[in-house]
Amino acid sequence: MKMDFKIALIVGFLFAFSSLRAAHLVGGHISYECVGGNDYQVFLRVYRDCAGGGAAFDADANIAVYDASNNLIQSVQVPKGPTVSVPLNSTGNPCLTPPSNLCTEYADYTTSFSLPPIVGGYTIVHQRCCRNNSIDNVANSGNFGNTYFVTIPSLDTTCNSSPAFNNPAPIVLCGNEPLNLTIEAIEKDGDSLHFEFCDILEGGSSGGGGGGCFAVVPVPSCPPPYTPINFLAPYTPSQPLPGTPPISIDPLTGQLNGKPDQLGRFVVGICVSEWRNGIQMSQIRLDYQFNIVNCVSNIVADMLTPAEDSTLLCNGLNVQFQNESTNFNHLFWDFGVPGIVTDTSNLPNPVFSFPSPGSYTVLLVVNPGWQCSDSTTFEFLVQPDVNASMSWSGVPCFEVQGIQWEAVGNFPPNSSFDWNFGPGASPNFSSNLVPPPVSWSSPGWKTVSFTAYWPPTCSITFVDSVEISALAATVDAGPNQTIERNEYADLGASTGFSFYWYSDIPSRYSGQFQQNIRVWPQDDTTTYYVLVKDELGCEGIDSVKIFWAPDSIIPEDPRVMNVITPNADGRNDVLNLSNVLDNQTARLLVLNRWGQEVLDRPNYQNDWDGVDQGGDPLPDGTYYILLISAKGTLYQGGVSIIRSN
C-alpha cells in the first residue's frame, strides 16, 4: 500500500509538471506609460495557441524591475485580464479568407510601479516557457521560452512613456499573396518611431530543472543580459520569413512588404524604438508567431436586382440599392446617369434619385484597385413616381351617411384597386377607383383603407377615417323654468326641419311636432326633450326642466326657507333652519316625493346642500323635511332643490 501511494504521488507530480511546461506560447510584448510623477503603468500582453491543446494562460504573471546593476527593485505577481480571441480574418488582405482551423488568444496583465529617476534607469521584464514546438525557422522551438522586456531611460525626469503596439497582431499571412499588413504602434510623447526586424529572446527552461532562471516560470523574472535564439538557416533575425521578393518592414511606417512563398509557422521579432533629439529613449519588442497558409480568394460582387425583387422599382425615381457582395472591404457604385460624374456612392446600401424615368446600367465594384476586385452590372428600368391621395365627401351623420370616397393619382396602366371599408359597412369592399357611396350600421369612427397595385408587384396604401355621428345636429331647447302648480310653460327649440317633443313623466302638450309648444306639467318637476332633424337629415336632441314652485312657498312657518339653490354662488346654497332651531339640538330627515328617506342627520348644523346620505347630489325637485328635537317636531314641510336656474 505504501508503494502504491508513492507511485500515485510521482504520477500526479509528473502530470502536473507536464501540464505546466506544455508548449503553447506564440508571442507577447511589454510596454509602459508614465501617468505622472514617478508612477508608471506597465502593460504585458501574452499570446497563446488555443488550437494546439497547450497550457492555459497563467492566472498571475511575474513582472520584475531591475536597476542598471541588476539589483532587484520590485517583483510582483500580476492577475490576468480577460481572454480575448484574435480575429482569424486579420490577414491584412480582405480579398483572402484563411483556413478556419487556426486559433490564437491573448491576455493582458496590467500593474503599476513607482520608480524615481536613477542613473542607468530600469529594466522591466517578464519571462515564461515555452514556445510551440512546431516553429519552422527555429530548431527544437518547444525547448525555448520567452523574454519580454522594456527599459526606462537613465535619470529620466521627462515622464517618458514607451511606444505601445496599437492592435493585436494578425494570426495569418497568406502564402503567395503580396502583403498588405502594417504593424501599428503609438507613441504619446511625440517622439519618432523606428521599426525593424530584431532578435527573439530566451526565457525560462523547458526542463524546469535548477529553479531560478531555469524554471518554467522564473520568479522573479531574471535580469539582463538576455540570450537571443538562433534561427535555422537561411533565416536570420533580420530576415525571419520566407518570401520572394524577401519580406521587409518599412522603418518609418511598420508596413510589411514582400510575398510569402513558403507555408508553415515562423517566429519573428519586431522592435520599435523611440527617438528624441537623436537619442534613443526606449524600445519595445513584439515576439510573435505567424502562420503562413493558403488563403482562398472568394471576392464576389453582387447586388439585389429587380429580377430578384421587383419592388425595388416601386418608389419611382428613388431607388434603394442593396449590396449582396461577399468578402469585401470597399465598394463603388456608379448609377449610370449619362453626362455626369456625381452619380456614385461608396455606401453599402445607398438610395439614389434618378433625374428622369428611363433605363440605367448600374455598376457595382468591390475592392476597387485591389488585385482581386470584382464587378457586376444590371439594367434598371426606372419608372415615374406615383403620386396619389384619397379623400371623402358627404354628410357624416348616422341618419344620412352615403359617404363618397375617392382616390386620385397618376396610377400606371393596368393598375388595380382595393377598398376596405371595415365591419358594418355597406358595401364592405370595392375594386373601383371611385367606389359606390358607403353607409355603416352603427355610429362611431370608421377606418377605411385604399390600396393600388400595378405591374410587376408594386403597391401603395392609404388609410383614412371618418366619424359617423349620432344626434349630431345642434339643438337648443331653451333655459329651465319655474312655474306655479297647475300653470303652463311655453317651450321653443332652435331652428330645424322637423321637431318632436316628449317628457320623462306624463304631461299635456299643445302639440308635439311644432317648434314652439305649450305644456302643462302634471306632477312635480318634469324634464322635456325635443328631437330635431336639420335640413341635411341629421338629428339632434336637447332637454329643458320645468320646476314647480312648492306649495310651501307660502310656508307653514314664515321663518323657514322653501327653496335652496346649491350652485356655489353664495346665495341659498344650504338649508338654514336656525330660526326654527333656536340653538336646540335637532334631527333632520329628508324624504323624496315617494316618501323614501334620502337623508338623516342627527345633529343638524344648517349645512344641508341638497345631497343624499352618501354625499351625492339629489336631483332637482321638491322634497319633504322633518326637524325633530327632544321636545318633539319643530317643523315639517316642503323644500325645493333648484340648481339649473
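I will try to describe carefully the structure that is included in this document. Note that the structure is predicted; figures quoted are calculated from it, not measured.

Definitions and limits used
- Residues numbered from 1 in each chain as written.
- Predicted model: local features only at pLDDT ≥ 70, side-chain atom pairs only at ≥ 80, totals over all residues.
- Heavy atoms only, no water.
- Pairing = 2+ DSSP bridges.
- Helix = DSSP H or I, 4+ residues; strand = E, 2+ residues; numbered from the N terminus.
- Contact = heavy atoms within 4.5 Å.
- Buried < 20%, exposed > 50% of the residue type's maximum accessible area, 1.4 Å probe, protein only.
- Disulfide = S-S within 2.5 Å.

**Observations concerning the sheet that holds strand β20 (residues 331-334)**
Within a beta sheet, neighbouring strands are joined by backbone hydrogen bonds and run either parallel or antiparallel to one another. If you walk across this open sheet you meet the four strands as β21-β20-β23-β24, and the pairing is antiparallel. Both outer strands of the open sheet, β21 (344-345) and β24 (374-382), are each paired with one neighbouring strand and no more. As paired strands, strand β23 (residues 358-366) and β24 are joined by nine bridges and run antiparallel to one another. The residue of β24 that forms the bridge with serine 359 is leucine 381.

**With respect to the side chain of aspartate 191**
By the element assignment, aspartate 191 lies in the loop between β12 (185-186) and β13 (192-197). Apart from residues lying up to four places away in sequence, aspartate 191 is in contact with Asn160, Glu274, Trp275, Arg276 and Met281.

**Details of unusual backbone geometry**
Cis rather than trans, the peptide bond between alanine 233 and proline 234 has omega equal to 10 degrees. Summarising the element assignment, proline 234 is placed in the loop between β13 and β14 (248-249). Cis geometry marks the peptide bond from serine 426 to proline 427, where omega comes out at 0 degrees. Of note in the backbone geometry, cysteine 159 takes a positive phi value of approximately 55 degrees without being a glycine. For cysteine 159, the position within the fold is in the loop between β8 (145-152) and β9 (164-165). For cysteine 159, a relative accessible area of 23% gives the class partly exposed. Of note in the backbone geometry, alanine 568 takes a positive phi value of approximately 65 degrees without being a glycine. Examined against the element boundaries, alanine 568 turns out to sit in the loop between β40 (563-564) and α2 (578-581).

**Here's the deal with the state of the cysteines**
Following the criterion strictly, the structure yields seven disulfides and no others. The side chain of cysteine 129 participates in a disulfide bridge whose partner is cysteine 130; the two sulfur atoms lie 1.9 Å from each other. Since a negative S-S torsion denotes a left-handed disulfide, the cysteine 129-cysteine 130 link at about 90 degrees is right-handed. Overall, the relative accessible area of 0% leaves cysteine 129 in the buried class. Here cysteine 130 falls in the buried class, since its relative accessible area comes to 0%. In this model cysteine 314 forms its disulfide with cysteine 458; the gap between the sulfur atoms is 2.0 Å. The S-S bond linking cysteine 314 to cysteine 458 shows a torsion near -85 degrees; that makes this disulfide left-handed. Here the residue cysteine 314 occupies a position in the loop between β18 (296-297) and β19 (318-320), and cysteine 458 occupies one in strand β32 (residues 458-468), the gap between them amounting to 144 residues. Here cysteine 314 matches cysteine 458 in class, with each residue buried.

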